[in-house]
Each structure stands twice: as C-alpha cells, then as structure tokens.
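Coordinate analysis (summary)
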Amino acid sequence: MDGKYETIIPGDLLIYPPDQPYELNVQPRSAPESGAVQPVGDYFLAGNGEWLDSWWNNKGLPTKTNIGFDDTVLTLWKHIISEKKKVMQNHEEIMDYLLRTLCLTLEQVIQIKQRAKGADTAYKIKLFIENHAHESLSLDRISASVGLSVSRCS
C-alpha cells in the first residue's frame, strides 16, 4: 500500500478505507509437516450507509491487527456469505444488521488484542485457550504461545 510492502501472516486483519487502493500479492505456503501447499485467500467486504460511515469515522481502528482465528468473527463472516448466496432472498435488513454486528465484533476483538499486548502471562494464556477452544489443545501449544517452557506454563 502506498508503494510500501508489508508481510502479513494468517490471522492478520487489514482495515482500509474504501477509497484506499492496495495490491495483495499472495505467495502460497507449504505446511512444514506434509509439504502440502496451504490454500490462501483475500476476503473483503464493502458497505455503505449512514451507520457505517459514522462507525468508520469515529473508531480510528488500526489498519493491521492480528486477531487470530476468532470463532465469532468467522461465524459472522460465514453467515454473511450464506445470506449473500440466497438468490432472490437477499434481505437488506438482515445484511445491514449482520454488517453492523461484524463491525462491532471486529472492534471488540481488536480492543481485546490491544489490551493483551501489555497483559500478564496468565491473561495471554486465557486468551489463547479461548481463541483455540475449538481445536485440540496441548500444554506444548499453550506454553509456546506465550513463550514459556512446558513445566513453567503448567
């Protein structure tokens, strides 16, 4: 963006104003264990309206934040996609409220991530467990997420 390159990683959320041009070059990644190429994608959402304009202008959100794979955000995103796929049943009111819910949820997730930056280790562990509760968890993964040894983490 603006002639500058920046590396992004899985879980990064990029928020740009609609009139900000950007180019995304995606390099497929290989999974270390299997060597298989992992799929990558660029998902974007554009909207308009008085509420969205007011929300955008009053929040001052960072352009890049790593939010990980937040279950609530992913569920809302899937719901929006599902509603858009419904031919002849695309209810504007539902889409309006889903977009508002997504915006407010993103704002909340970003605030939590920003608070966690200066947080103590116990809080960071709690956040990691909450954000990965849908996955198989191990003490190895949890301790690695906060940079502790397994014995220290336990």
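So, here's what we can say about the structure. None of these values were measured; they are calculated from a predicted model.

Re the packing of aromatic side chains
- Following the criterion strictly, the structure yields one aromatic pair and no others.
- Note on Trp51 and Trp55: the rings are 6.2 Å apart at their centroids and 10 degrees apart in plane angle, and the pair reads as stacked. On the criterion of helical spacing, the pair formed by Trp51 and Trp55 is a turn pair, its members being four residues apart in helix H1 (residues 50-59).
- You can call Trp51 partly exposed: its relative accessible area is 26%.

Description of the nonpolar core
- Of all hydrophobic cores here, the largest spans twelve residues; its members are Leu13, Ile15, Ile67, Val73, Leu76, Ile80, Met95, Leu98, Leu102, Leu106, Val109 and Ile110.
- Breaking this core down by element, the ones donating at least two residues are helix H2 (71-85) and helix H3 (92-117).
- No other element matches H3, which puts six residues into this core.
- Here Leu102 is in contact with Leu45, Val73, Leu76, Trp77 and Ile80, once residues within four sequence places are set aside.

Quick word on the packing of H1 against H3
- Close contact between H1 and H3 brings their axes to 11 Å; oriented N to C, the two are set at 10 degrees. Relative to H3, the element H1 lies roughly parallel. Of the residues in H3, those touching H1 at Trp51, Leu52, Trp55 and Lys59 are Leu99, Arg100, Cys103, Leu104 and Glu107.
- Its residues assigned to classes, the contact of H1 with H3 comprises six nonpolar, no polar and three charged.

Cut-offs applied
Residues numbered from 1 in each chain as written. Predicted model: local features only at pLDDT ≥ 70, side-chain atom pairs only at ≥ 80, totals over all residues. Heavy atoms only, no water. Phe/Tyr/Trp six-rings, centres within 6.5 Å; stacked < 30°, edge-to-face > 60°. Helix = DSSP H or I, 4+ residues; strand = E, 2+ residues; numbered from the N terminus. Buried < 20%, exposed > 50% of the residue type's maximum accessible area, 1.4 Å probe, protein only. Core = buried A, V, L, I, M, F, W, Y, C linked by side-chain atoms within 4.5 Å. Contact = heavy atoms within 4.5 Å. Axes fitted to C-alpha atoms, helices over the stretch in contact; angles between N-to-C directions. Parallel < 35°, antiparallel > 145°, perpendicular 65-115°, else oblique. Nonpolar A, V, L, I, M, F, W, Y, C, P; charged D, E, K, R; others polar.

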